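Coordinate analysis (summary)
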Amino acid sequence: MFNKLQYISQGETAEKQLYNIHQALDAGCDWIQMRFKNQTPEKRFVLAEAVKVLCEEYLANFIVNDDVILAQKIGADGVHLGLTDMSIPGARAILGNRKIIGATANTFEDVLIQSKNGCDYIGLGPFQFTETKEKLSPILGAEGYVSILNKMKTQNILTPVYAIGGITLENIKILVKTGIHGIAVSGMITKSLEKVKLVQQLNDKLYANVII
């Protein structure tokens, strides 16, 4: 089963991206999603190559946001696809069955489509307001997760769900209670001055049998 904590990279330059990713890996994150928007293919390729080397060193999963061709070229562990990105079957045809394909969802209808198309996990959100992403979809809140996850149970949809969007350390308890598999976070880790402590706290709460 997939790790419960995923770090989505931040940084306006390749240097800042690599620094933030290295910091997250040092802090104990073992799943990196490289998100480097509005850049030239050359810059994205150079960064992705460097991130792959780092992730191999730290034995961490490495997936690329949106760019299936880049993920294939560098031999990443997989890709995460938004609602308007390449289709999952199209990505699967390029990457093969052994690579991870994650997919974004905001509604149960999205979940239904993405799971039927064969994604390996779903990034469901946003949980609450976040400045990390432009053109934010409607906020779900804890109630939205409960509703969608209950509908998934009735349809026997077993795809792991990651909460995403504006998550804080204080939110983890209520999110875990909704039945999510894990969380995908960005700014919380990037901005933290005590990353090692934060990642440990996140993992303790995500993996604990009894949530404190």
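Source: prediction; values computed, not measured.

1. Section: the overall build of the protein
From N to C terminus, the protein includes 9 helices and 8 strands. With the principal axes as the frame, the protein shows a C-alpha extent of 45 × 40 × 30 Å. A fraction of 53% describes how many contacts in the protein between residues 6 or more apart in sequence connect residues 24 or more apart. Roughly 10800 Å² of accessible area belongs to the protein as shown, and the carbon and sulfur atoms make up 53% of that amount. For the protein, the centre of its 22 positive side-chain charges and the centre of its 21 negative side-chain charges are spaced 5 Å apart.

2. Re the pattern of salt bridges
Pairing between side chains of opposite charge can happen when their charged atoms approach one another. Scanning the model with the defined rule gives 4 salt bridges in all. Put simply, D66 and K37 hold a salt bridge, and the shortest N to O gap is 2.0 Å. In this pair, D66 sits in the loop between β3 (61–65) and α3 (68–74) while K37 sits in the loop between β2 (31–34) and α2 (41–57), placing the two residues 29 residues apart along the sequence. R44 is the partner of D67 in a salt bridge, and the nearest nitrogen-oxygen pair spans 3.3 Å. Here R44 lies in helix α2 and D67 lies in the loop between β3 and α3, a separation of 23 residues in the sequence. Under the relative-accessibility criterion, D67 is labelled partly exposed at 23%.

3. Description of the packing of helix α1 (residues 14–27) against helix α9 (residues 195–207)
Axis separation between α1 and α9 bottoms out at 8 Å; the angle between their running directions is 60°. One element, α1, and the other, α9, form an angle in the oblique class. Crossing of α1 against α9: the hand is right-handed. On the side of α1, the interface is formed by Q23, D26 and A27, while α9 contributes K195, V196 and V199. For the contact of α1 with α9, the per-class residue count stands at 3 nonpolar, 1 polar and 2 charged.

The rules we used
Residues numbered from 1 in each chain as written. Predicted model: local features only at pLDDT ≥ 70, side-chain atom pairs only at ≥ 80, totals over all residues. Heavy atoms only, no water. Helix = DSSP H or I, 4+ residues; strand = E, 2+ residues; numbered from the N terminus. Contact = heavy atoms within 4.5 Å. Areas by Shrake-Rupley, 256 points an atom, 1.4 Å probe, with all protein chains shown as cover. Lys, Arg positive; Asp, Glu negative; His and termini not counted. Charge placed at Lys NZ, Arg CZ, Asp CG, Glu CD. Salt bridge = Lys/Arg side-chain N within 4 Å of Asp/Glu carboxyl O. Buried < 20%, exposed > 50% of the residue type's maximum accessible area, 1.4 Å probe, protein only. Axes fitted to C-alpha atoms, helices over the stretch in contact; angles between N-to-C directions. Parallel < 35°, antiparallel > 145°, perpendicular 65-115°, else oblique. Left-handed = near helix turned anticlockwise from the far one by under 90°. Nonpolar A, V, L, I, M, F, W, Y, C, P; charged D, E, K, R; others polar.

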